[in-house]
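Each chain, written out:
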Amino acid sequence: MTERPDWVPSDVDVNLPSAARVYDFLLGGAHNFPADRAVGQKVLQVLPNGGAIAGSNRAFLRRAVLYMIEQGINQFLDLGSGIPTVGNVHEVAQEADPSARVVYVDYESVAVAHSELILSGNDNATVFKADMCEPETILEAPETRRLINFDEPIGLLMVAVLHFVPDERKPGEILARYHDALPAGSLLGLSHLTADHAPAEMSTVVEAMKHSRDPMYFRPYDEIVAMFDEFELVEPGVVSAPRWHPEPGLQDVGPSDIYGGVARKV
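Residues numbered from 1 in each chain as written. Predicted model: local features only at pLDDT ≥ 70, side-chain atom pairs only at ≥ 80, totals over all residues. Heavy atoms only, no water.

### With respect to the pairing of strand β3 (residues 125-129)
Inclusion rule: For the exposure calls, accessible area comes from a 1.4 Å probe over protein chains only, and a residue counts as buried if that area is under 20% of its type's maximum, exposed if over 50%, partly exposed in between. Strands here are runs of E lasting at least two residues and helices are runs of H or I lasting at least four, both read from the DSSP assignment and numbered beginning at the N terminus. Pairing between strands is defined by DSSP: at least two bridges between the two strands are required. When the strands point away from the viewer, a crossover counts as right-handed if the route from the first strand across the helix to the second turns clockwise.
With four of five residues buried, β3 lies mostly within the body of the structure. Bridge analysis of strand β2 (residues 101-106) against β3 gives five bridges, and the strand direction is parallel. By the bridge assignment for β3, Val102 is matched with Ala125. This β-α-β element, β2 to helix α5 (residues 109-119) to β3, shows right-handed connectivity.

### Brief notes about the side chain of Asn74
We apply this condition: Distance and chemistry together define a polar contact, namely a pair of N or O atoms within 3.5 Å, with one atom able to donate a hydrogen and the other to accept it when in protein, and with adjacent residues in sequence counting only for side-chain atoms on both sides. Contacts are assigned to residue pairs with any non-hydrogen atoms lying within 4.5 Å of each other.
Here Asn74 is to be found in the loop between α3 (50-70) and β1 (75-79). Its relative accessible area of 18% is what places Asn74 among the buried residues. Reaching out from Asn74, the side chain makes a polar contact with the side chain of Ser99 at a distance of 3.4 Å. In this structure Asn74 touches Asp97, Ser99, Ala100 and Arg101, once residues within four positions along its chain are discounted.

### Description of the pattern of salt bridges
Here is the rule we go by: When a carboxyl oxygen of Asp or Glu is within 4 Å of a side-chain nitrogen of Lys or Arg, the pair counts as a salt bridge.
Under the criterion given, the structure shown has eight salt bridges. We note a salt bridge from Arg21 to Asp36, for which the minimum N-O separation is 2.7 Å. In this pair, Arg21 sits in helix α1 (residues 19-26) while Asp36 sits in helix α2 (residues 34-46), placing the two residues 15 residues apart along the sequence. Grouping residues by exposure puts Arg21 and Asp36 together as buried. A salt bridge links Arg169 to Asp131, with the nearest nitrogen and oxygen atoms 3.4 Å apart. Of this pair, Arg169 sits in the loop between β4 (155-159) and α8 (171-181) while Asp131 sits in the loop between β3 and α6 (135-139); the two residues are 38 residues apart in sequence, bridging distant segments of the chain. Given the relative accessible area of 40%, Arg169 is considered partly exposed. Among the charged side chains, a network of salt bridges with common partners joins Arg21, Asp36 and Glu108.

### So, the environment of Leu66
Along the chain, Leu66 turns up in helix α3. Separated by 23 residues in sequence, Leu66 and Val89 have C-alpha atoms that sit 9.5 Å apart. Setting aside residues up to four positions removed in sequence, Leu66 forms contacts with Val92 and Ala96.

### Considering the nonpolar core
Buried together is how nonpolar side chains tend to be arranged in soluble globular proteins. Test applied: To qualify as a nonpolar core, a set must consist of buried Ala, Val, Leu, Ile, Met, Phe, Trp, Tyr and Cys residues joined through side-chain atoms within 4.5 Å.
Val65, Phe76, Val89, Leu157 and Val262 are the most contacted members of the largest nonpolar core, which totals 46 residues. No other element matches α3, which puts nine residues into this core. Other than its neighbours up to four places away in sequence, Val65 contacts Phe76, Val89, Val92, Ala93 and Leu157. In terms of nonpolar packing, the next biggest core, distinct from the first, is built from 33 residues, Val103, Val105, Leu139 and Tyr178 among them.

Note that every value here comes from positions in space, so none of it alone points to a role or purpose.
This is how it looks when you write it as C-alpha coordinates:
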(Lines give C-alpha, C1' and ligand atoms only; values in the text may rest on other atoms or scores of the structure.)
Protein backbone atom coordinates (compact mmCIF):
# COMPACT_ATOMS: atom_id res chain seq x y z
CA MET A 1 0.00 0.00 0.00
CA THR A 2 1.22 3.50 -0.82
CA GLU A 3 1.84 5.84 2.10
CA ARG A 4 -0.60 8.76 2.03
CA PRO A 5 1.05 12.21 1.84
CA ASP A 6 -0.38 14.84 4.18
CA TRP A 7 -1.76 16.96 1.34
CA VAL A 8 -3.91 14.20 -0.16
CA PRO A 9 -7.68 14.60 0.46
CA SER A 10 -9.15 11.88 2.66
CA ASP A 11 -11.48 10.55 -0.05
CA VAL A 12 -8.65 9.75 -2.49
CA ASP A 13 -7.64 6.12 -2.97
CA VAL A 14 -3.95 6.52 -3.82
CA ASN A 15 -3.77 2.88 -4.92
CA LEU A 16 -6.42 3.33 -7.64
CA PRO A 17 -4.98 5.01 -10.76
CA SER A 18 -6.64 8.23 -11.86
CA ALA A 19 -6.62 9.66 -15.39
CA ALA A 20 -5.88 13.16 -14.07
CA ARG A 21 -2.82 11.90 -12.21
CA VAL A 22 -1.61 9.69 -15.10
CA TYR A 23 -1.90 12.76 -17.35
CA ASP A 24 0.04 14.75 -14.77
CA PHE A 25 2.77 12.06 -14.88
CA LEU A 26 2.89 12.16 -18.70
CA LEU A 27 3.28 15.94 -18.56
CA GLY A 28 6.19 15.56 -16.12
CA GLY A 29 4.22 16.71 -13.06
CA ALA A 30 4.71 15.63 -9.45
CA HIS A 31 1.13 15.17 -8.23
CA ASN A 32 0.82 11.46 -8.91
CA PHE A 33 1.33 8.21 -7.01
CA PRO A 34 3.02 4.86 -7.74
CA ALA A 35 -0.22 3.36 -9.10
CA ASP A 36 -0.55 6.27 -11.54
CA ARG A 37 3.08 6.05 -12.59
CA ALA A 38 2.76 2.30 -13.18
CA VAL A 39 -0.08 2.91 -15.63
CA GLY A 40 1.82 5.80 -17.18
CA GLN A 41 4.84 3.57 -17.73
CA LYS A 42 2.63 0.96 -19.41
CA VAL A 43 1.34 3.67 -21.73
CA LEU A 44 4.87 4.80 -22.57
CA GLN A 45 6.01 1.24 -23.25
CA VAL A 46 3.54 0.89 -26.13
CA LEU A 47 3.23 4.58 -26.96
CA PRO A 48 6.67 6.16 -26.47
CA ASN A 49 5.31 9.51 -27.65
CA GLY A 50 2.65 9.51 -24.90
CA GLY A 51 4.25 12.54 -23.29
CA ALA A 52 4.25 14.35 -26.63
CA ILE A 53 0.56 13.55 -27.12
CA ALA A 54 -0.22 15.00 -23.69
CA GLY A 55 1.90 18.04 -24.50
CA SER A 56 0.23 18.59 -27.87
CA ASN A 57 -3.16 18.51 -26.17
CA ARG A 58 -1.97 21.08 -23.62
CA ALA A 59 -0.70 23.28 -26.45
CA PHE A 60 -4.05 22.98 -28.24
CA LEU A 61 -5.79 24.16 -25.06
CA ARG A 62 -3.58 27.26 -24.95
CA ARG A 63 -4.22 28.14 -28.59
CA ALA A 64 -7.96 27.56 -28.23
CA VAL A 65 -8.14 29.89 -25.22
CA LEU A 66 -6.17 32.60 -27.04
CA TYR A 67 -8.42 32.23 -30.09
CA MET A 68 -11.47 32.69 -27.86
CA ILE A 69 -9.93 35.79 -26.28
CA GLU A 70 -9.33 37.18 -29.80
CA GLN A 71 -13.02 36.58 -30.53
CA GLY A 72 -13.99 38.75 -27.57
CA ILE A 73 -14.71 36.01 -25.03
CA ASN A 74 -13.42 36.66 -21.53
CA GLN A 75 -15.22 34.03 -19.43
CA PHE A 76 -14.43 30.34 -19.47
CA LEU A 77 -15.92 27.12 -18.11
CA ASP A 78 -13.24 24.40 -18.11
CA LEU A 79 -14.73 20.93 -17.60
CA GLY A 80 -12.49 18.10 -16.45
CA SER A 81 -9.74 20.63 -15.89
CA GLY A 82 -7.36 18.18 -14.21
CA ILE A 83 -4.36 18.77 -11.98
CA PRO A 84 -2.92 22.28 -12.40
CA THR A 85 0.27 22.50 -14.41
CA VAL A 86 2.03 25.16 -16.47
CA GLY A 87 -0.34 26.94 -18.81
CA ASN A 88 -3.60 26.71 -16.91
CA VAL A 89 -6.57 28.41 -18.54
CA HIS A 90 -6.66 31.31 -16.07
CA GLU A 91 -2.94 31.97 -16.62
CA VAL A 92 -3.29 32.04 -20.40
CA ALA A 93 -6.55 34.00 -20.40
CA GLN A 94 -5.68 36.53 -17.69
CA GLU A 95 -2.29 37.26 -19.23
CA ALA A 96 -4.11 38.23 -22.44
CA ASP A 97 -7.05 39.88 -20.64
CA PRO A 98 -6.65 40.56 -16.91
CA SER A 99 -10.45 40.77 -16.53
CA ALA A 100 -10.96 37.19 -17.78
CA ARG A 101 -12.96 34.91 -15.49
CA VAL A 102 -12.46 31.15 -15.24
CA VAL A 103 -14.45 28.38 -13.57
CA TYR A 104 -12.73 25.01 -13.32
CA VAL A 105 -14.65 21.79 -12.73
CA ASP A 106 -13.26 18.33 -12.00
CA TYR A 107 -14.43 15.27 -10.12
CA GLU A 108 -10.92 14.25 -9.02
CA SER A 109 -10.23 15.41 -5.47
CA VAL A 110 -6.47 15.88 -5.96
CA ALA A 111 -7.12 18.08 -9.00
CA VAL A 112 -9.62 20.20 -7.07
CA ALA A 113 -7.41 20.49 -3.96
CA HIS A 114 -4.39 21.70 -5.92
CA SER A 115 -6.49 24.06 -7.99
CA GLU A 116 -7.81 25.61 -4.79
CA LEU A 117 -4.23 26.24 -3.61
CA ILE A 118 -3.18 27.82 -6.91
CA LEU A 119 -6.31 29.97 -7.16
CA SER A 120 -6.15 31.31 -3.61
CA GLY A 121 -6.43 35.08 -3.81
CA ASN A 122 -7.58 35.10 -7.45
CA ASP A 123 -11.08 36.56 -7.33
CA ASN A 124 -11.68 35.92 -11.03
CA ALA A 125 -11.07 32.17 -10.95
CA THR A 126 -12.54 29.33 -8.94
CA VAL A 127 -12.84 25.55 -8.89
CA PHE A 128 -15.36 23.07 -7.58
CA LYS A 129 -15.87 19.33 -7.62
CA ALA A 130 -18.57 17.95 -9.91
CA ASP A 131 -19.17 15.46 -12.71
CA MET A 132 -19.16 17.08 -16.16
CA CYS A 133 -21.78 14.52 -17.25
CA GLU A 134 -24.30 16.37 -15.08
CA PRO A 135 -24.61 19.70 -16.93
CA GLU A 136 -27.41 21.19 -14.86
CA THR A 137 -25.47 20.66 -11.61
CA ILE A 138 -22.50 22.53 -13.06
CA LEU A 139 -24.43 25.27 -14.82
CA GLU A 140 -26.49 26.10 -11.72
CA ALA A 141 -23.64 25.82 -9.21
CA PRO A 142 -23.06 28.96 -7.09
CA GLU A 143 -19.41 29.06 -8.23
CA THR A 144 -20.49 29.11 -11.87
CA ARG A 145 -23.18 31.72 -11.33
CA ARG A 146 -20.79 33.99 -9.42
CA LEU A 147 -18.29 34.31 -12.28
CA ILE A 148 -20.13 33.39 -15.47
CA ASN A 149 -22.60 35.79 -17.05
CA PHE A 150 -25.01 33.76 -19.18
CA ASP A 151 -26.04 36.89 -21.09
CA GLU A 152 -22.59 37.04 -22.73
CA PRO A 153 -20.66 34.49 -24.83
CA ILE A 154 -18.81 31.80 -22.90
CA GLY A 155 -15.78 29.72 -23.74
CA LEU A 156 -16.67 26.11 -22.93
CA LEU A 157 -13.64 23.82 -22.75
CA MET A 158 -13.95 20.05 -22.94
CA VAL A 159 -10.33 19.22 -23.65
CA ALA A 160 -9.33 15.54 -23.56
CA VAL A 161 -12.28 14.58 -21.37
CA LEU A 162 -15.00 12.98 -23.51
CA HIS A 163 -12.87 9.90 -24.19
CA PHE A 164 -13.60 9.01 -20.56
CA VAL A 165 -17.35 9.02 -21.22
CA PRO A 166 -18.76 5.71 -22.51
CA ASP A 167 -21.41 5.61 -25.22
CA GLU A 168 -24.04 4.49 -22.72
CA ARG A 169 -23.72 7.86 -20.96
CA LYS A 170 -24.56 9.50 -24.30
CA PRO A 171 -21.82 12.12 -24.67
CA GLY A 172 -23.66 13.69 -27.62
CA GLU A 173 -26.71 14.37 -25.47
CA ILE A 174 -24.50 15.79 -22.71
CA LEU A 175 -22.97 18.20 -25.21
CA ALA A 176 -26.42 19.17 -26.48
CA ARG A 177 -27.49 20.13 -22.94
CA TYR A 178 -24.46 22.40 -22.57
CA HIS A 179 -25.15 23.83 -26.03
CA ASP A 180 -28.70 24.74 -25.10
CA ALA A 181 -27.53 26.63 -22.01
CA LEU A 182 -24.87 28.69 -23.79
CA PRO A 183 -25.57 32.17 -25.14
CA ALA A 184 -25.24 32.71 -28.89
CA GLY A 185 -21.67 33.47 -29.88
CA SER A 186 -20.21 31.10 -27.31
CA LEU A 187 -17.33 28.87 -28.38
CA LEU A 188 -16.68 25.21 -27.62
CA GLY A 189 -13.11 23.91 -27.52
CA LEU A 190 -12.97 20.11 -27.62
CA SER A 191 -10.24 17.52 -28.08
CA HIS A 192 -10.50 13.73 -28.05
CA LEU A 193 -8.06 10.82 -28.33
CA THR A 194 -8.41 8.42 -31.24
CA ALA A 195 -7.11 5.01 -32.28
CA ASP A 196 -7.35 5.90 -35.98
CA HIS A 197 -3.60 6.08 -36.52
CA ALA A 198 -2.21 3.52 -34.06
CA PRO A 199 -4.98 0.99 -33.30
CA ALA A 200 -2.79 -1.70 -31.74
CA GLU A 201 -0.93 0.72 -29.48
CA MET A 202 -4.07 2.55 -28.43
CA SER A 203 -5.87 -0.70 -27.61
CA THR A 204 -3.07 -1.41 -25.16
CA VAL A 205 -3.61 2.02 -23.60
CA VAL A 206 -7.31 1.21 -23.21
CA GLU A 207 -6.36 -2.08 -21.54
CA ALA A 208 -3.93 -0.30 -19.19
CA MET A 209 -6.69 2.10 -18.09
CA LYS A 210 -9.46 -0.52 -17.87
CA HIS A 211 -9.12 -1.08 -14.12
CA SER A 212 -8.38 2.54 -13.24
CA ARG A 213 -10.94 5.03 -11.98
CA ASP A 214 -11.22 6.32 -15.52
CA PRO A 215 -11.51 3.73 -18.32
CA MET A 216 -11.00 5.18 -21.80
CA TYR A 217 -13.14 5.05 -24.93
CA PHE A 218 -11.27 6.20 -28.03
CA ARG A 219 -13.40 7.17 -31.02
CA PRO A 220 -12.84 7.51 -34.77
CA TYR A 221 -12.75 10.82 -36.61
CA ASP A 222 -16.37 10.77 -37.81
CA GLU A 223 -17.73 10.22 -34.30
CA ILE A 224 -15.62 13.05 -32.91
CA VAL A 225 -16.76 15.41 -35.67
CA ALA A 226 -20.37 14.46 -34.84
CA MET A 227 -19.87 15.77 -31.31
CA PHE A 228 -19.87 19.27 -32.80
CA ASP A 229 -23.21 18.76 -34.60
CA GLU A 230 -25.07 21.34 -32.51
CA PHE A 231 -22.34 23.92 -33.19
CA GLU A 232 -20.78 25.57 -36.25
CA LEU A 233 -17.12 24.57 -36.64
CA VAL A 234 -14.56 27.31 -37.22
CA GLU A 235 -11.69 26.76 -39.66
CA PRO A 236 -9.88 24.42 -40.07
CA GLY A 237 -12.57 22.18 -38.56
CA VAL A 238 -11.63 19.05 -36.63
CA VAL A 239 -7.98 18.18 -37.23
CA SER A 240 -5.05 16.59 -35.43
CA ALA A 241 -4.40 18.87 -32.46
CA PRO A 242 -0.99 20.14 -33.63
CA ARG A 243 -2.62 21.28 -36.90
CA TRP A 244 -5.25 23.45 -35.23
CA HIS A 245 -4.06 27.07 -35.58
CA PRO A 246 -0.38 26.16 -35.11
CA GLU A 247 1.96 28.79 -33.74
CA PRO A 248 3.36 31.06 -36.47
CA GLY A 249 6.43 29.53 -38.05
CA LEU A 250 5.75 26.02 -36.80
CA GLN A 251 5.22 23.25 -39.30
CA ASP A 252 2.65 20.47 -39.08
CA VAL A 253 4.60 18.33 -36.64
CA GLY A 254 3.60 16.37 -33.59
CA PRO A 255 1.49 13.34 -32.80
CA SER A 256 -1.78 12.77 -34.65
CA ASP A 257 -3.47 10.66 -31.97
CA ILE A 258 -5.69 13.44 -30.67
CA TYR A 259 -8.20 15.47 -32.67
CA GLY A 260 -9.19 19.00 -31.75
CA GLY A 261 -11.58 21.66 -32.90
CA VAL A 262 -13.38 24.84 -31.91
CA ALA A 263 -17.00 25.60 -32.81
CA ARG A 264 -19.47 28.42 -32.27
CA LYS A 265 -23.03 28.43 -31.07
CA VAL A 266 -25.00 30.40 -33.65
